[in-house]
Amino acid sequence: MPTLTIDGREVSVPEGATVLEAVRAAGIDIPHLCKDDDQAPIGACRTCLVLVEGQRGLPASCYLPAADGMRVSTHGDALDRVRATVLDLTLAMLDPGGRGASLLATEAARFGASGPFAPAPNAAFDDSTPAFTLNHADCILCQRCVEGCQDVQHIGAIAVLGGGEAARIGTFLDRPLLQSICTSCGTCVSVCPTGALYPRVAGSLAT
């Protein structure tokens, strides 16, 4: 069982745990937009950065294995500045007027990120299903929804389509959700940190 020091607090975690799990076990809260508690790490959002004594760079803690004796800092001038920039760039992916009642908005406010780079993306809105909507303007491509659909529910209705600036969450042949194999189970909605996937009304999702 490795024992780490996180911001001066000593904590032991099970073998195979990540540094993010150690950070949380120490009672410290850092952003982790693409890491859902019930899913494997994705490492897409880069908001869970930490500083590890003796290591170069700022690794994503969700993907970093916890090792005995590791000394980790979750805050500091340079680290906080980089994290705020990552959040600013993430905000730049969103429609400033989007729904965004979200974990991202909370973390951006906490770290003083205001989205100064934010353009108004030309994004689509899928309201074809009676259960929920998909607003690409609110999507940060963290892929939590894809993991939930493919690896948790084993449905595979959605995936990341395209690449680069054109990358987006979509269905097979980029059809509306209603024409896909989506079962409206609600897993994607429940893990979305930005409100891009949003229920229409309570009880509209399958259970």
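Above this text is the structure in question.
Residues numbered from 1 in each chain as written. Predicted model: local features only at pLDDT ≥ 70, side-chain atom pairs only at ≥ 80, totals over all residues. Heavy atoms only, no water.

**Considerations on the packing of helix α2 (residues 77-91) against helix α3 (residues 103-110)**
Moving on, step 1. Where α2 meets α3, the closest approach of the two axes is 10 Å, and the angle between their N-to-C directions is 140 degrees. One finds that α2 runs oblique with respect to α3. Crossing of α2 against α3: the hand is left-handed. Across the interface between the two elements, Leu87, Thr90 and Leu91 of α2 pack against Leu104, Glu107 and Ala108 of α3.
Moving on, step 2. Of the residues belonging to the contact of α2 with α3, the class tally is four nonpolar, one polar and one charged. (Axes fitted to C-alpha atoms, helices over the stretch in contact; angles between N-to-C directions. Helix = DSSP H or I, 4+ residues; strand = E, 2+ residues; numbered from the N terminus. Parallel < 35°, antiparallel > 145°, perpendicular 65-115°, else oblique. Left-handed = near helix turned anticlockwise from the far one by under 90°. Contact = heavy atoms within 4.5 Å. Nonpolar A, V, L, I, M, F, W, Y, C, P; charged D, E, K, R; others polar.)

**Description of the side chain of Thr90**
Moving on, step 1. Relative to the assigned elements, Thr90 resides in helix α2.
Moving on, step 2. For Thr90, the residues in contact, after removing those within four places along its chain, are Leu104 and Ile140.

**Here we look at the nonpolar core**
Moving on, step 1. Counting 21 residues, the largest nonpolar core has Leu4, Ile6, Val13, Val19, Ile30, Val50 and Val72 as its most contacted members.
Moving on, step 2. No other element matches the four residues that helix α1 (residues 19-25) contributes to this core.
Moving on, step 3. Of all hydrophobic cores here, the second largest spans 16 residues; its members include Ala131, Ile158, Ile169 and Val189. (Core = buried A, V, L, I, M, F, W, Y, C linked by side-chain atoms within 4.5 Å. Buried < 20%, exposed > 50% of the residue type's maximum accessible area, 1.4 Å probe, protein only.)

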